[in-house]
Amino acid sequence: MSPGGVTTRHRRAALAVLGLTLAAASIGAIALGAVPETGPAAPVTIPFALLVVAFFVIEVFVIDIELRREVHSISLSEVPLVLGLFFISPPLLIAARLLGSGAALVVQDRRIGLKLFVNLASFLAETVVAVVVFLALVPLGVRPGPQAWLAAVAAIVAADAIAAATVTLAVRLSEGRLPGGSLFPVIGGMVAALANTSLALVAAIVIWDNPWGSLLLVAFGGVDFLAFRGYASLRQRYQSLAALQDFTRVVGRSLEIDSVVASVVGEARDLTRCELAELVLLSASGEGIRVTDHDERGRHIAPLTALDSTDLLWANLLARGEAFIAGPVTAEGDALGGYLAARELRTVMAAPLQTDQGTRGMLMVANPLAEQATFDAEDLRLFETLANHATVSLENGRLVDELRQEAAEKEHQALHDALTGLPNRSLFLRELKAALASERDGELIAVMLMDLDHFKEVNDTLGHHEGDSVLQEIAARLQRAVRPGDVIARLGGDEFAVMLPAVRDADAALERARALHGVVSGSVTTGGLALAVGASIGVALAPEHGNDPTLLLQRADIAMYLAKGQGSGCEPYTLEADGHSRERLALAGELRDAIERGQLVLHFQPKAHVETGAVYGVEALVRWEHPERGLVYPDMFIPAAEHAGVIWELTEYVLHEAVRERELWSAHGVSLDVSVNVSARDLLDDRLLDTVAAMLRDRVLPRGALTLEITESQIMAEPARVSPMLARLNALGVRLSIDDFGTGYSSFASLRRLPIDEIKVDKSFVMGMGDDENDIVIVRSTVDLGRNLGLTVVAEGVEDAIAYQRLRSMGCDSAQGYFLSRPVTSDELLRWVLAGGFEAPDPDPAESHARRRLRVAT
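Just so you know, these numbers come straight off a predicted model, no measurement behind them. (Residues numbered from 1 in each chain as written. Predicted model: local features only at pLDDT ≥ 70, side-chain atom pairs only at ≥ 80, totals over all residues. Heavy atoms only, no water.)

Caption draft 1: Quick peek at the overall build of the chain. Along its length, the chain carries 30 helices and 23 strands. Considering the chain as a whole, with its 858 residues, one finds that 45% of them fall into the buried category. A separation threshold of at least 6 residues defines the contact pool for the chain, and within that pool the share at least 24 residues apart is 67%. Approximately 41,200 Å² of the chain is accessible, and the part contributed by carbon and sulfur atoms is 57%. (Helix = DSSP H or I, 4+ residues; strand = E, 2+ residues; numbered from the N terminus. Buried < 20%, exposed > 50% of the residue type's maximum accessible area, 1.4 Å probe, protein only. Contact = heavy atoms within 4.5 Å. Areas by Shrake-Rupley, 256 points an atom, 1.4 Å probe, with all protein chains shown as cover.)

Caption draft 2: Fine view of the sheet that holds strand β7 (residues 348–355). Taken together, six strands build an open sheet; the order of strands is β5-β4-β3-β8-β7-β6 and the sheet is antiparallel. Of all the strands in the sheet, the pair left with one neighbour each is β5 (298–304) and β6 (324–326). The mean inter-strand angle of the sheet, taken between neighbouring strand axes irrespective of direction, is 15 degrees. As paired elements, strand β3 (residues 274–282) and strand β8 (residues 358–368) share seven bridges and run antiparallel to each other. Within β8, the residue paired with A277 across the bridge is V365. Strands β3, β6, β7 and β8 of the sheet are contacted by helix α10 (residues 312–320), whose axis makes an angle of about 120 degrees with β8. (Pairing = 2+ DSSP bridges. Axes fitted to C-alpha atoms, helices over the stretch in contact; angles between N-to-C directions.)

Caption draft 3: Structural context of the nonpolar core. Judged by nonpolar contacts, the single largest core of 79 residues is most densely connected at L650, L683, L706, L708, L729 and V779. In terms of residues, this core owes the most to one element, helix α20 (residues 647–667), which gives nine residues. Those residues in contact with L650 that sit more than four places away from it in its chain are I595, L600, V622, F637, I638 and A641. Counting 34 residues, the second-largest nonpolar core is a separate cluster that includes V44, I46, A152 and A193. (Core = buried A, V, L, I, M, F, W, Y, C linked by side-chain atoms within 4.5 Å.)

Caption draft 4: Summary view of the packing of helix α13 (residues 425–437) against helix α17 (residues 549–566). Between α13 and α17, the least distance of the axes is 9 Å, while the angle of their chain directions is 110 degrees. By the criterion of interaxial angle, the relationship of α13 to α17 is roughly perpendicular. The crossing of α13 and α17 is right-handed. On α17, the residues that touch R425, F428, L429, L432, K433 and L436 of α13 are P549, T550, L552 and L553. Partitioned by chemical class, the residues of the contact of α13 with α17 number seven nonpolar, one polar and two charged. (Parallel < 35°, antiparallel > 145°, perpendicular 65-115°, else oblique. Left-handed = near helix turned anticlockwise from the far one by under 90°. Nonpolar A, V, L, I, M, F, W, Y, C, P; charged D, E, K, R; others polar.)

Caption draft 5: Inspection of helix α11 (residues 335–342) at higher detail. Buried residues of α11: L336, G337, Y339 and L340, and no others. For α11, the arc enclosing every buried residue in end-on projection is 160 degrees, short of the 170-degree limit, so these residues lie on one face. Buried residues along α11 sit against α10, β6 and β7. After α11 finishes, the residue E344 shows a positive phi value of roughly 60 degrees. (Arc of directions from axis to C-beta.)

Caption draft 6: Fine view of the pairing of strand β21 (residues 758–761). Covered by surrounding structure in β21 are E758 and K760 together with I759 and V761, the residues of both alternating faces. For strand β20 (residues 735–741) and β21, the ladder comprises three bridges, and the chain directions are parallel. If you follow S737 over to β21, its bridge partner there is E758. By the bridge criterion, four bridges tie β21 to strand β22 (residues 792–795) in an arrangement that is parallel. Bridged to V761 within β22 is A795.

Caption draft 7: Local environment of the side chain of E571. Locating E571 in the fold gives a position in strand β14 (residues 570–572). The side chain of E571 is buried and forms no salt bridge, while R514, the nearest opposite charge, is found at 7.0 Å. Of the polar contacts made by the side chain of E571, one reaches the side chain of S568; its length is 2.7 Å. When sequence neighbours within four positions are dropped, the list of residues in contact with E571 reads L510, I537, G538, V539, A559, L562, A563 and Q566. (Lys, Arg positive; Asp, Glu negative; His and termini not counted. Salt bridge = Lys/Arg side-chain N within 4 Å of Asp/Glu carboxyl O. Polar contact = N/O pair within 3.5 Å; in protein donor to acceptor, adjacent residues only side chain to side chain.)

Caption draft 8: Quick look at the packing of aromatic side chains. Applying the stated criterion to the full structure yields seven aromatic pairs. Plain terms: the ring middles of F86 and F134 are 5.2 Å apart, the flat faces sit at 75 degrees to each other, and that makes the pair edge-to-face. Of this pair, F86 sits in helix α3 (residues 78–87) while F134 sits in helix α5 (residues 114–137), and the two are 48 residues apart along the sequence. On the basis of an interplanar angle of 50 degrees and a centroid distance of 5.7 Å, the ring pair of Y804 and F819 is categorised as tilted. Of the two residues, Y804 sits in helix α28 (residues 801–810) while F819 sits in the loop between β23 (814–815) and α29 (826–834), which places them 15 residues apart along the sequence. Taking relative accessible area as the criterion, Y804 reaches 0% and is therefore assigned buried. Sitting over the face of the ring of F324, R320 holds its NZ or CZ atom 4.2 Å from the ring centroid. (Phe/Tyr/Trp six-rings, centres within 6.5 Å; stacked < 30°, edge-to-face > 60°. Lys NZ or Arg CZ within 6 Å of the ring centre and 35° of its normal.)

Caption draft 9: Expanded view of the pattern of salt bridges. The full count for this structure, using the stated rule, is 20 salt bridges. Residues R512 and D486 are paired through a salt bridge, measuring 2.8 Å at the closest nitrogen-oxygen approach. You can see R512 sitting in helix α16 (residues 506–520) and its partner D486 sitting in the loop between α15 (464–481) and β10 (487–492), a full 26 residues away along the chain. Here the two residues R512 and D486 agree in accessibility, since each one is buried. Across the pair K760 and E619 runs a salt bridge whose closest N-O atoms are separated by 3.0 Å. Here K760 is found in strand β21, whereas its partner E619 is found in strand β16 (residues 615–626), with 141 residues between them in sequence. Connected via shared salt-bridge partners are E619, E709, K760 and E796.

Caption draft 10: Structural view of unusual backbone geometry. The omega angle of the peptide bond from A542 to P543 is 10 degrees, so this bond is cis rather than trans. The topology assignment puts P543 in the loop between β13 (529–542) and α17.

Caption draft 11: Focus on helix α27 (residues 773–789). With 17 residues, α27 ought to run about 24 Å at 1.5 Å a step, and its terminal C-alpha atoms sit 24 Å apart, in line with that. Buried within α27 we find D775, I776, V779, T782, V783 and G786. Taken down its axis, α27 places every buried residue within 130 degrees of arc, on the same side. Exposed side of α27, more than 90 degrees from the buried face: E773, N774 and N788 are the residues found there. (Expected span 1.5 Å × (residues − 1).)

Don't take any of this as a statement about function, it's just geometry.
Following this line, the structure appears as structure tokens:
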């Protein structure tokens, strides 16, 4: 219900109570007029002014008793009422009650309103009823004997009944309910009323017999009253200090900010014995929360987007800069008074929550549970202390919350990849371990390891910023592709891992792996360039391939290398691949040391002009003289070199050794061109250009004496990216050759655009010419293509004279293969060349005639 609705309801209830009590008072007055005033007059008459003062003092100085968190106010109002029944006329008694008690209400509430008139009407009804009952039982001016005692008790009981009825009616009309709670306060109130009545009767007897004895009673009663009030005040102060200590203990025990907030508002309301407590907390940005704890309505939390001057309590707090008390005001136009009335706040205490960063909130309590209670300076000091303790606890709670948040962020950072936000290796292994420990109902767990193809070239050419963009895009694609419950992680570099916690069988796992491969593969746009991205994925299954997380990752890694080597995209783990891949992994770890220790050697395979048989050049082929494994061929360690990131060191070594050997041959009068194989990664590395330029500058190397060979599949994967490097190498006088031609997807147009000098027909086609007409057609087409483009054509894999003669008849420029010579060491090559080298077979007359006709036709 809105505050306006509540106020209207209370006003209607007050008017109803006012009307009924006035009606009751009128009826009582009529009844009073019918009572005969008979009997002797009292020997003493209490002065009217003294009785007014008595009612005033007693209503102002009430005694508050706290019982089960409820404060009950007890006054001695029965004493002057009973004395008035004996020693003053009824009209004056009624007038004294209204004047004295009414003045007390005005002093306490400091305003004249409907509530004052309702209370006056209640006092009128109580007094009239007490007089009517008393005079109905005994005559006016009766001596205070046993009959008069009973009459006085009956009068007080009747008056208290009228007061209780008035309260009940007011609660019922304003709140729609009957007053609840235990009967103990009612019984206690009746006992106190009877005790006060007894005290008044004693005083009446003394005054009747000896009026001066009343002075002793007044002195004794005043001292006793003041002593009791002092005791009550000290006790209340002690209880407040004890409660403050309890508050500090309870609030300080809480470490989480939410628990601290709940403790602060609840304990503040209990400690101050108020109907409502409110806590406002603000952040540096001005946003925050308002927590309200009401005695009957419970706790309510509301977000605050801002707190400005429209909240008059907050505005007053900022203006004052210290705790203050606000209560009822007499000025109708007072803004704060109107604000408090709208919120149904009779009287409030508000204190700022001061921190090093300034005022960060407000603590407020309102509406003391005692009916006539208001806050005083002692209450304010206590409340200020409470607010200071609350500030410390809230600040500690905030700091603890920040520390926990920071710890959670650090844990998140420790378990997640900073670039992509994906889980890292540690978290992936943890999740995998948990999945392995859970029940699977016969289903398998699939572990996939994915490595991006040629990612190093992206970093080397475009820089790490663009490389990071590619990784983020791949991570986003994988996140969109996985299903709930799947775990995806970045293990480092360009390696990603995926765990599928429940797959039906190996075929289902491979199907998912191919789907992920399709999602990842394709064009990625970064830096204004569309990059072709590929990937290789290895799959291991639990429990088939193991139940240890690290072992499963290792076996998925082995399967990934198998997929990379075969170019299949996805491969499952197999025992057969394990031994081979383990050997490669071991070699990768030893390769860098092998380069530094000079364990790599070069073998050279000659190339000869097909027409004359003259040897004009060699291809440098690297071998590894492993101290334990013997001679290791490049197909075993070249992929490992690429994965280990030492492919450039390997290429650089071969380049220097090949050129150095050529200089040794030249010193013996043997001049041969030398060819060196380079990878696509080398073509994206500026160090290749710098190294070749330095070699050509520092050593006497004629233009065209050095040829760099690149496989067709590598050069055609991203021709736009490698073209600039090829052009600069060509400008230095380096010849460029496409190796394994025919196995890729070169086009006539792409060959024309690239600065290529030579194409080498893949040996599989040359060796297949003996029994496959298709291979003959492919070789002949390649030779024709090379001739049309002005390129030298070299046929690899020439194993016999028949193949050699066929190449001669096709007009192929050069040949290389075991028919000429196997790969040999540098010394063996030098001796072989000096001994005469290769001797070409005599041309077949028929083929020679056909070749001459072909030349004439062209």
